[in-house]
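Spelled out from the first residue to the last, the chains are:
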2 protein chains.
Amino acid sequence: MEKVIMLGKPVADAVKENVAKKIAAAKMRGEIVGLAIVLVEGDAASAVYTKRLVKLAESLGAQVHLVAMPADVEQVEVLKAVSQLNADADIKGILPMMPLPKHLDAQEICALIDPNKDMDCLSPLNAGEFYLGTNPWAPCTPRACMAALNYYNIDLKGKKAVVLGRSNVVGKPVELLLLQKHATVTICHSRTVNLPLILRDADIIVAAIGVPNFVKPDMVKEGSVIIDVGINATDEGIVGDVEETSNAKASAFTPVPGGIGVISNAMVMETLTKNL
Amino acid sequence: MEKVIMLGKPVADAVKENVAKKIAAAKMRGEIVGLAIVLVEGDAASAVYTKRLVKLAESLGAQVHLVAMPADVEQVEVLKAVSQLNADADIKGILPMMPLPKHLDAQEICALIDPNKDMDCLSPLNAGEFYLGTNPWAPCTPRACMAALNYYNIDLKGKKAVVLGRSNVVGKPVELLLLQKHATVTICHSRTVNLPLILRDADIIVAAIGVPNFVKPDMVKEGSVIIDVGINATDEGIVGDVEETSNAKASAFTPVPGGIGVISNAMVMETLTKNL
């Protein structure tokens, strides 16, 4: 069997093409498609990510409104900014860059975002509707995982999927999405006993723990499908949660970089069009 | 090892005692603790369940406000009733009996319930906060499962739990609760392949599919813990999702009837006190 390298680019390109068309059509109707990015300074990765998103959004015809705030900004100032963005009809999407500094109450900020303008299913109402199965706008990274699986024709029905990580950002939502596609899903985490044994039993692995090279070759079944969500900065450059040699055993895998990350960015843009 | 029959009564009694105290204290302060049950007629099981809840609530000092509606009631009438209950300060809890008839939009009705008065985590906002981990008021039946496990000192950390069923009412929320307690959780359903093999690997089984006697002895590991959420009316009376002989292999199990059901009812009453 041929090994499939699940490159993110073609998946992202298909999404972006569609987004660009929708934005163009909205502009023809005289609408402004504004994406507001709320960046509290101090996190290097967020700054890099923001630059990338700004460039991408502009390349697709969106208007970016960057709200940069100092690292010591007070909660009330962030809330005020979000309120103003909520009220601004030209702003179609609001994305606060995570993680926010510890002194801020991220939960309160996310809850204030107009659910219609919520770009990453951060609002508890959106999260609830997603969890209950009535909101297709899952958070962007889990949606990127599903888009990759779909694009590369990975059948999920009845398959054993193991999700590594239980965060609200990836682990829990990707588990729900895999479940919607009728996979049998196991969710593993730091307290899991006999993790290698469980992973070796998986037809599909989604690794989302943010630990460089965590998944070793002996934890992977021959022929499995590996989705690596990790983007870890190391001395050797950006690496995933899956050791590169583990992918040798996979029938298909997403590379890092160039895999889920680029699709995830495109998903932010797709979400921006949800009300166009 | 002694086999533990996880009777629901002592678990429910402990909850009820606490609830009665809180309601008594509220009444001392001059508050009325009203529980509104919205019953659309036509479902026999709902009628029986309603009677039981009314009796239980009254025995604990709550005032029950039964809103009975004909089977062909229109959506707008149900919404109007919920709005009135939302506005009534004496009503501390609202519980629409499920399932509602097919011609009604249950989702719209649930979304209208004041989240503070929502007795079973039906409101999407409550569901979202529960899913995100910031609302401890999970739906009543999954909370009952956890109360039973806690009361009978079943250790969950690192244990393999298998949830049978993926409903919003039991399967999905009990999975999240087990995950919060650091179990490694697999969620199985009708499309799961090799289900017996997966169940036989479980330290803890939560069966919630509503299929009488589905879990056979050969699907159960010796010494496992079995939580049976099923309450199925059959010619042989009420039976669970787990065949009785399967429990012979368990180290602990909940009987049906007399297990999760009675705890679940007590949990509705506990939820009634959440704002007292």
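Owing to the predicted nature of the structure, the values given are computational and were not obtained by experimental measurement. (Residues numbered from 1 in each chain as written. Chains lettered and ligands numbered in written order. Predicted model: local features only at pLDDT ≥ 70, side-chain atom pairs only at ≥ 80, totals over all residues.)

J.: What should I look at first to understand the overall build of chain A in this one?
T.: Scanning chain A for helices and strands turns up nine helices and eleven strands. Relative to the 2.2 N^0.38 estimate, which gives 19 Å for 276 residues, the radius of gyration of chain A is 19 Å and therefore close to what a compact globule would have. Over its C-alpha atoms, taken along the principal directions, chain A stretches across nearly 50 × 40 × 40 Å. Evaluated residue by residue, chain A yields a buried proportion of 50% over its 276 residues. Expressed as a percentage of contacts within chain A between residues at least 6 apart in sequence, the contacts between residues at least 24 apart total 70%. (Helix = DSSP H or I, 4+ residues; strand = E, 2+ residues; numbered from the N terminus. Rg over C-alpha atoms; globule rule 2.2 N^0.38 Å. Buried ≥ 20, exposed ≤ 12 C-beta atoms within 10 Å, placed from the backbone. Contact = placed C-beta atoms within 7 Å.)

J.: Can you help me understand the confidence of the model for chain A in this one?
T.: Parts of the prediction with low pLDDT should not have their coordinates interpreted in detail. Per-chain confidence: chain A averages 97 in pLDDT, with 100% of residues scoring 70 or above. Among the scores for the predicted complex, ipTM is 0.96 and pTM is 0.97. (pLDDT = per-residue confidence, 0-100.)

J.: Before we go on, may I ask you to explain the relation of the copies chain A and chain B in this structure?
T.: There are two copies of the chain, and a rotation about an axis plus a shift along that axis relates them. The transformation that overlays chain A on chain B combines an axial shift of 0.0 Å with a rotation of 180 degrees, and the residual RMSD is 0.0 Å. Considering both components of the superposition, the chain copies are consistent with a two-fold axis. If distances are taken from each C-alpha of chain A to the rotation axis, the shortest is found for Gly128 of chain A, at 1.6 Å. When the interface residues of chain A are mapped onto chain B, 100% of them again fall at the interface, so both copies present the same face. (Least-squares fit on C-alpha atoms with pLDDT ≥ 70 in both.)

J.: So what exactly am I meant to see when it comes to the sheet that holds strand β4 (residues 91-96) of chain B here?
T.: Residues and elements named next belong to chain B. One open sheet holds the three strands; their spatial order is β3-β2-β4, and the pairing between them is parallel. Among the strands making up the open sheet, the edge pair consists of β3 (63-69) and β4. In this sheet, neighbouring strand axes are inclined to one another by 20 degrees on average, regardless of whether the strands run parallel or antiparallel. Each of β2 (34-40) and β3 touches helix α2 (residues 44-59); the most contacted strand, β2, lies at about 170 degrees to it. (Pairing = 2+ DSSP bridges. Axes fitted to C-alpha atoms, helices over the stretch in contact; angles between N-to-C directions.)

J.: Is there a simple way to think about the interface of chain A and chain B in this case?
T.: Bring the parts together and some accessible area is lost; that lost area is often taken as the interface size. Facing 24 residues of chain A, the contacting portion of chain B comprises 24 residues. Of all the secondary-structure elements, those providing two or more residues to the side of chain A that touches chain B are α5 (124-132) and β6 (184-188) of chain A. Broken down by element, the side of chain A that touches chain B gets its largest block of residues, seven residues, from α5 of chain A. The class makeup of the residues in the side of chain A that touches chain B is eleven nonpolar, nine polar and four charged. Across three bridges, β6 of chain A lies against strand β6 (residues 184-188) of chain B in antiparallel orientation. Directly across from Thr186 of chain A, in β6 of chain B, lies its bridge partner Thr186 of chain B. (Nonpolar A, V, L, I, M, F, W, Y, C, P; charged D, E, K, R; others polar.)

J.: I would appreciate a short explanation of the environment of Gly42 of chain A in the present structure.
T.: Residues and elements named next belong to chain A. Note on placement: Gly42 falls in the loop between β2 (34-40) and α2 (44-59). Judged by the 15 C-beta atoms lying within 10 Å of it, Gly42 is partly exposed. Along the primary structure Gly42 and Gln180 are separated by 138 residues, whereas in three dimensions their C-alpha atoms are 38 Å apart. With near-sequence residues (within four places) excluded, Gly42 lies in contact with Ala71 and Pro101.

J.: Just checking my understanding: could you explain the domain arrangement of chain A for this structure?
T.: Segmenting chain A into domains produces domain 1 (30-114) and domain 2 (139-262). With centres defined by C-alpha atoms, the gap from domain 1 of chain A to domain 2 of chain A works out at 29 Å. (Domains from an automatic or database assignment.)

J.: Mind showing me how you'd approach helix α7 (residues 171-180) of chain B here?
T.: Each turn of an α-helix holds 3.6 residues, which means side chains three or four residues apart point in the same direction. Along α7 of chain B, nine of the ten residues are buried, which leaves the element largely enclosed by surrounding structure. When α7 of chain B is considered as a whole, its buried residues turn out to be Gly171, Lys172, Pro173, Val174, Glu175, Leu176, Leu177, Leu178 and Leu179 of chain B. In this structure, the buried residues of α7 of chain B make contact with β6 of chain A together with α5 (124-132), α6 (140-151), β5 (160-164), β6 and β7 (204-207) of chain B.

J.: Looking at this model, I keep getting lost on α6 of chain B. Mind explaining?
T.: All names here are of chain B. With twelve residues, α6 should reach 16 Å at 1.5 Å per residue; the first-to-last C-alpha distance of 16 Å fits that figure. The buried count for α6 comes to ten of twelve residues, which makes it a mostly enclosed element. Along α6, the positions that sit buried rather than exposed are Cys140, Thr141, Pro142, Arg143, Ala144, Cys145, Met146, Ala147, Ala148 and Leu149. Considering only its buried residues, α6 is in contact with α1 (8-28), α7, β7, β8 (225-228) and α9 (260-272). Once α6 finishes, Asn153 follows within two positions and takes phi at roughly 55 degrees, a positive value. (Expected span 1.5 Å × (residues − 1).)

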